[in-house]
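# Summary of the model geometry
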Amino acid sequence: MKMDAVTQGRPQPFEKPIYVTRPFLPPIEEFYAGLQEIWDSQWLTNNGPVLQRFSGQLSQFFDTDNICLFNNGTLALQIGLQGLEISGEVITTPFTFVATTHALYWNKIRPVFVDIEPDYYTLDPEKVEAAITPWTTAILAVHVFGHPCNLEALADIARRHNLKLIYDAAHAFGVSVNGKSIAHVGDMSMFSFHATKLYHSIEGGMLTFADPGLKTTLNYLRNFGFESETEVVMPGTNAKMNEMQALMGALVLDHIDALIEQSRQISQVYRERLKDVSGIKFPPLLPDDVRYSYIYQPVEIIEEEFGMNRDTLYEKLKTYNVFSRRYFYPLLCDFACYKSVALNDPLKVARKVADRILALPTYYDLALDDVRRICDIIIACRPG
Ligand code: T4K
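Here the structure is a predicted model, which means the values were calculated and not measured.

### A short note on the overall build of the protein
When helices and strands are counted, the protein shows 14 helices and 17 strands. At 22 Å, the protein has a C-alpha radius of gyration in line with the 21 Å of a compact globule built from 384 residues. Relative to its full complement of 384 residues, the protein shows a buried share of 54%. Excluding contacts between residues fewer than 6 apart, the proportion of contacts in the protein whose partners are at least 24 apart in sequence is 71%. Taking the 35 positively charged and 46 negatively charged side chains of the protein as two groups, their mean positions are separated by 6 Å.

### Some thoughts on the nonpolar core
When a protein is soluble and globular, its nonpolar side chains tend to lie buried together. In terms of nonpolar packing, the biggest core is built from 77 residues, with Leu58, Phe95, Phe145, Phe191 and Phe193 touching the most fellow members. Here the element with the most residues in this core is helix α9 (residues 243-253); it accounts for seven residues. In this structure, Leu58 is in contact with Asp63, Ile67, Leu69, Phe173, Phe193, Tyr199, Met206 and Leu253, ignoring residues within four places of it in sequence. Ranked by size, the runner-up nonpolar core spans 29 residues in total, among them Phe282, Leu317, Tyr363 and Leu366.

### Let's talk about the site of the ligand
Around the ligand sit 25 residues, and of these Thr74, Asp168, His171, Ser192 and Tyr327 come closest. For the ligand, an oxygen atom lies 2.6 Å from a polar atom in the side chain of Thr74. His171 places a side-chain nitrogen or oxygen 2.7 Å from an oxygen atom of the ligand. Within the complex, 77% of the 920 Å² of free accessible area of the ligand lies under protein. Of all the secondary structure elements, the ones that give two or more residues to the shell around the ligand are α4 (73-83), α5 (98-106) and β9 (188-192). A breakdown of the residues in the shell around the ligand according to their chemical character gives 10 nonpolar, 11 polar and four charged.

### Re the pattern of salt bridges
When their charged atoms lie close together, side chains carrying opposite charge are able to pair. This model, assessed by the stated rule, comprises 17 salt bridges. With a closest N to O distance of 3.2 Å, Arg326 and Asp311 form a salt bridge. Of this pair, Arg326 sits in the loop between β16 (322-323) and α13 (348-356) while Asp311 sits in helix α12 (residues 310-319), and the two are 15 residues apart along the sequence. What makes Arg326 partly exposed here is its relative accessible area of 24%. Residue class for Asp311 comes out partly exposed when judged on its relative accessible area of 27%.

### Topic: the sheet that holds strand β15 (residues 297-301)
The strand order across the open sheet formed by three strands is β13-β15-β17, and the pairing between neighbours is antiparallel. Strands with a single pairing partner mark the edges of an open sheet, and in this sheet they are β13 (280-281) and β17 (357-360). This element, α13, spans β15 and β17 of the sheet and lies at about 45 degrees to β17.

### Side note on empty space enclosed by the protein
On inspection of all chains with the given rule, the structure shows two cavities of 30 Å³ or more. A volume near 110 Å³ is recorded for the largest cavity. In this structure, the largest cavity is lined by 13 residues; those nearest its centre are Arg22, Leu198, Thr362, Tyr363 and Tyr364. In terms of residue class, the lining of the largest cavity is built from eight nonpolar, three polar and two charged. Put simply, the second largest cavity is a space of about 40 Å³. Lining the second largest cavity, in full, are Ala170, His171, Phe173, Ser192, Lys197, Leu198, Tyr199, Ser293 and Ile295. Residue classes in the lining of the second largest cavity are distributed as five nonpolar, three polar and one charged.

### A closer look at the packing of α12 against helix α14 (residues 368-381)
Viewed as axis vectors pointing N to C, α12 and α14 meet at an angle of 125 degrees, and their least axial separation amounts to 10 Å. Between α12 and α14, the crossing angle belongs to the class labelled oblique. Considering the relative orientation of α12 and α14, their crossing is right-handed. Taken together, the residues of α14 that come into contact with α12 (itself represented by Leu313, Lys316 and Leu317) are Ile377, Ile378 and Cys381. Split into classes, the residues belonging to the contact of α12 with α14 amount to five nonpolar, no polar and one charged.

Criteria and thresholds
- Residues numbered from 1 in each chain as written.
- Predicted model: local features only at pLDDT ≥ 70, side-chain atom pairs only at ≥ 80, totals over all residues.
- Heavy atoms only, no water.
- Helix = DSSP H or I, 4+ residues; strand = E, 2+ residues; numbered from the N terminus.
- Rg over C-alpha atoms; globule rule 2.2 N^0.38 Å.
- Buried < 20%, exposed > 50% of the residue type's maximum accessible area, 1.4 Å probe, protein only.
- Contact = heavy atoms within 4.5 Å.
- Lys, Arg positive; Asp, Glu negative; His and termini not counted.
- Charge placed at Lys NZ, Arg CZ, Asp CG, Glu CD.
- Core = buried A, V, L, I, M, F, W, Y, C linked by side-chain atoms within 4.5 Å.
- Near = heavy atom within 4 Å.
- Polar contact = N/O pair within 3.5 Å; in protein donor to acceptor, adjacent residues only side chain to side chain.
- Areas by Shrake-Rupley, 256 points an atom, 1.4 Å probe, with all protein chains shown as cover.
- Nonpolar A, V, L, I, M, F, W, Y, C, P; charged D, E, K, R; others polar.
- Salt bridge = Lys/Arg side-chain N within 4 Å of Asp/Glu carboxyl O.
- Pairing = 2+ DSSP bridges.
- Axes fitted to C-alpha atoms, helices over the stretch in contact; angles between N-to-C directions.
- 1 Å grid on protein atoms, 1.4 Å probe; cavity = no way out; pocket = protein on both sides within 12 Å on 5 of 7 lines; lining within 4 Å.
- Points joined across faces, edges and corners; volume = space filled by probe spheres on them.
- Parallel < 35°, antiparallel > 145°, perpendicular 65-115°, else oblique.
- Left-handed = near helix turned anticlockwise from the far one by under 90°.

See below:
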């Protein structure tokens, strides 16, 4: 084990809190310049010029016109499910942020929770297949932590059972497989542009979809169903992205490569510095054909080997001013509002992972020396 943290003396608590993430903020002059344009146009929302330009930039970035922007990822997913007319049961993961299942619930769809794979924590295709019933209409899989799901296996199941395949890609901005953005898989994907994400527009969300015909429906659904001043063609809601969000999104987009590179370096330091510490398990490195964004730095704390459980470490880190997060604990099926959902899968892997998982701080201006110090603190927390 690397013991330099200990041999050089005990690491000191940080003077200022180190959070699990911090939003990237572009140079403020760039934002001022954009604000001036918004001030001049006096156009703040409702498909304004900044939003239209931003939408074009994203179409180029994702290499598709089949995109629709929303004011957050949760509403994007809710509306996407409605646009695809999903009903009945949907097979999904319990190891995700609550919004994934909430989006089903708001559409009166029954979530069917099945287990995840132990390496990357994404849906286990075998469990998906076993959970299909006559009421199943779709699979809602999550590229959790930006780890691509088992794309081929899920596509095969969806095809054979005539199910829609929807991806919650909230964490997967900038992720591509075989040189192609992950936005191109399945029937639909939802990306979150929330401030806590590597890529953000303050708040925001985006759907990408395979069927170009969906674009009109989604546009209606996010804007009250308005066709014209006097015509409403469907009971839509209000989920429009505004001009300030679009401005931030456009400015952050210019920095995406640098943000990914910085996150990659942070991840490399964590892996290197903690690699010989028993009881800390990293997800395996992704295959070469995946371009990963390093949006989160999840590790598993294995109590029997580390000598301390995840929750104790999580609390101890706070005394050093390090605020890691237990993404994603508890499992969604254990929240009061989903406890009544029947479980046919014991969720063995998901339960184990939820009890062990810890997301370590990672964000664009977290200095590599601070990452080393966090590692040394983790090592110093270890008993014995
Ligand atoms: N699906 C998945 C798989 C998701 O992970 C999410 C969202 C969604 C769907 C829904 O997408 P959105 O509707 O949110 O677009 C955060 C985010 O609010 C949420 O967007 C995200 N997932 C989830 C994983 O994390 P919290 O409750 O952990 O955030 P909070 O406020 O505790 O922030 C975490 C840390 O970030 C803070 O300790 C400090 C830092 N922070 C946060 C904000 C908001 C800042 O430094 N500045 C900030 O402005 O949920």
